[in-house]
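Residues per chain are reported as follows:
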Amino acid sequence: MIRTCRESELEDLVRIWYEASVLSHAFMPAEFWAEQRGAMKDTYLPAVENWVFEEDEKVQGFISLINGRICALFVKPGMQGKGIGTALIKHAKALKGNLSLKVYLENGNALHFYEKCGFVPVSEETDEYTGFKQFLMELEEERQPGEPQLLSRTEELTGF
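The model shown is predicted, which means the values in this text are computed figures rather than measured ones.

So, the pairing of strand S6 (residues 119-126): which residues are in play, and what are the values?
Summarising the sheet, S6 and strand S7 (residues 133-139) pair through seven bridges and their orientation is antiparallel. Counterpart to Glu124 in the pairing with S7 is Phe135. What sits between the antiparallel neighbours S6 and S7 is a turn of six residues, in which Gly131 has the positive phi angle 80 degrees.

Which residues make up the layout of surface pockets, and what values go with them?
The space that makes up the largest pocket amounts to roughly 1,400 Å³. Lining the largest pocket are 45 residues, and of these His25, Cys71, Ala72, Phe74 and Lys102 sit closest to its centre. Counting residues per element, the ones that place at least two in the lining of the largest pocket are helix H1 (10-24), helix H2 (30-44), strand S4 (69-75), helix H3 (84-96), strand S5 (100-104), helix H4 (108-116) and S6. Considering every element that reaches the lining of the largest pocket, the biggest residue donor is S4, with seven residues. Within the lining of the largest pocket, the residues separate by chemical class into 24 nonpolar, 14 polar and seven charged.

So what's going on with the nonpolar core? Residues and values would help.
In this structure, Ile63, Ile70, Ile89, Val103, Tyr114, Phe119 and Met137 are the most contacted members of the largest nonpolar core, which totals 24 residues. Among the elements of the structure, strand S2 (49-55), strand S3 (58-66), S4, H3, S5, H4 and S7 are those that each provide at least two residues to this core. Residue contacts for Ile70: discarding those within four places in its chain leaves Ile63, Ser64, Leu65, Ile89, Leu99, Ser100, Leu101 and Phe119.

Quick rundown of the sheet that holds S6? Include the residues and the values.
Spatial strand order, S1-S2-S3-S4-S5-S7-S6: seven strands in an open sheet with mixed pairing. Bordering the open sheet on either side are strand S1 (2-4) and S6, each of which pairs with just one other strand. Going across the sheet, the axis of each strand differs from the next one's by a mean of 30 degrees, ignoring polarity. In this fold H1 packs onto S2, S3 and S4, with an angle of close to 90 degrees to the strand it touches most, S3.

Before we move on, can you summarise the environment of Val75 with the specific residues and values?
In this structure, Val75 sits in strand S4. Its relative accessible area of 10% is what places Val75 among the buried residues. Separated by twelve residues in the primary sequence, Val75 and Ile63 place their C-alpha atoms 8.8 Å from one another. Not counting the four nearest positions on each side in its chain, Val75 is found in contact with Ile16, Ala20, Gln60, Gly61, Gln80, Ile84 and Gly85.

Tell me about the pairing of S7, and name the residues and values.
Where S5 lies against S7, five bridges are found, and the strand directions are antiparallel. Counterpart to Tyr104 in the pairing with S7 is Gln134.

If you had to explain H2 to someone new, which residues and values would you point to?
Bending of H2 peaks at approximately 35 degrees at the position of Gln36. When we look at burial in H2, the residues that qualify are Phe32, Trp33 and Met40. For H2, the secondary structure elements touched by its buried residues are H1 and S5.

Procedures and definitions
- Residues numbered from 1 in each chain as written.
- Predicted model: local features only at pLDDT ≥ 70, side-chain atom pairs only at ≥ 80, totals over all residues.
- Heavy atoms only, no water.
- Pairing = 2+ DSSP bridges.
- Helix = DSSP H or I, 4+ residues; strand = E, 2+ residues; numbered from the N terminus.
- 1 Å grid on protein atoms, 1.4 Å probe; cavity = no way out; pocket = protein on both sides within 12 Å on 5 of 7 lines; lining within 4 Å.
- Points joined across faces, edges and corners; volume = space filled by probe spheres on them.
- Nonpolar A, V, L, I, M, F, W, Y, C, P; charged D, E, K, R; others polar.
- Core = buried A, V, L, I, M, F, W, Y, C linked by side-chain atoms within 4.5 Å.
- Buried < 20%, exposed > 50% of the residue type's maximum accessible area, 1.4 Å probe, protein only.
- Contact = heavy atoms within 4.5 Å.
- Axes fitted to C-alpha atoms, helices over the stretch in contact; angles between N-to-C directions.
- Bend = angle between axes of the 7 residues up to and from the residue.

In structure tokens:
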């Protein structure tokens, strides 16, 4: 079930964000993520619209939105690959219409996941906080999340 996040669940979201970030961003030191935990709970998450995917009365993943921008999408390690991320994107699309997000180029699994969901890279920039390159990706209007893409724009741009 997807529903709005309760304030009492912010610690759960931070835990999921931290554990998933350390795993999916192995190219960055884990200390970077540890240093951001307080700001995530006290500043960042309270400032955005958070939706959670709940299963067995536990938060298994979440998506954070500001208008049509996905600021965060994280699924608890061990629950990834079960359709939770795709369900959260479909929910966000139903709420907001066209969506956009930023993702690190080094995070190949996320790049391929977002492409599978219908996102295409539209520009590249360097993240001012980390110094790593990232894509701005936008959801193609004519494709629905989960529809296959014939050619991978990310593969064309990055070589993987």
